[in-house]
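The chain contents come next:
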Amino acid sequence: VVRALVHERANIHVFDPQVEREDMFQEFEYTCGMSRANTPGFEDLVTTAPDAYSACDGAHAFATLTEWDQFKDLDFERIYKNMAKPAFVFDGRNILDQDKLRKIGFEVYAIGKPNPSKFNDAV
């Protein structure tokens, strides 16, 4: 995910309660082959946020890519209020209440699940 966003020159704000910034960059190099040395501006495109709320401020989208329980209990109305609109959610672990997020106003995409507003199996 990060590799594609960096190639698009997207500004990425990351919050992971279990991983330090330097560890993230080591993981990017190991899994994506991306480093400060071979990807100009890489470090400037990735901001580490102190919490999920500041990571989402002004964002067009947020993605949950880890299964930490604390992500299930965020104040999603607060997050939605502070995001750019339309506001997108990419639930990479299928841990979020997607119906609730849609009711708030998010456009929700869950990895491996169809978007119910786009597909209707009822005939």
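Quick caveat: nothing in here was measured; it's all calculated off a predicted structure.

Rules and cut-offs
Residues numbered from 1 in each chain as written. Predicted model: local features only at pLDDT ≥ 70, side-chain atom pairs only at ≥ 80, totals over all residues. Heavy atoms only, no water. Helix = DSSP H or I, 4+ residues; strand = E, 2+ residues; numbered from the N terminus. Buried < 20%, exposed > 50% of the residue type's maximum accessible area, 1.4 Å probe, protein only. Contact = heavy atoms within 4.5 Å. Areas by Shrake-Rupley, 256 points an atom, 1.4 Å probe, with all protein chains shown as cover. Lys, Arg positive; Asp, Glu negative; His and termini not counted. Charge placed at Lys NZ, Arg CZ, Asp CG, Glu CD.

For the protein chain, the helix and strand inventory stands at 6 helices and 5 strands. Secondary structure elements of the protein chain, listed N to C terminal, follow the sequence α-β-α-α-β-α-β-α-β-α-β. On the principal axes, the C-alpha backbone points of the protein chain span a range of 55 × 30 × 25 Å. In the protein chain, buried positions account for 33% of the 123 residues. Across the protein chain, the fraction of contacts at a sequence separation of at least 24, relative to all contacts at a separation of at least 6, is 57%. With the model as given, the accessible surface of the protein chain reaches about 8100 Å², and the carbon-plus-sulfur share is 49%. If you average the places of the 14 positive and of the 21 negative side-chain charges in the protein chain, the two averages end up 5 Å apart.

Take the environment of Ala61 next. Its place among the elements puts Ala61 in strand β3 (residues 61-64). Residue Ala61 is classed as partly exposed on the basis of its relative accessible area, which comes to 34%. Distance from Ala61 to Leu5, taken between C-alpha atoms, is 12 Å for residues 56 residues apart in sequence. In contact with Ala61, not counting residues within four places along its chain, are Met83, Phe88 and Phe90.

Following the sequence through the fold, Glu77 ends up in helix α5 (residues 76-81). Accessibility expressed as a relative area gives 55% for Glu77, which makes it exposed. Separated by 22 residues in sequence, Glu77 and Asp99 have C-alpha atoms that sit 13 Å apart.

Attention shifts here to the environment of Leu45. With respect to the helices, strands and loops of the structure, Leu45 is situated in helix α3 (residues 42-45). Judged by its relative accessible area of 8%, Leu45 is buried. Remark: the alpha-carbon pair of Leu45 and Gly58, spanning 13 residues in sequence, is separated by 15 Å. In this view, Leu45 contacts Val6, Arg9, Ala10, Asn11 and Ile12; residues no more than four positions away in its chain are not counted.

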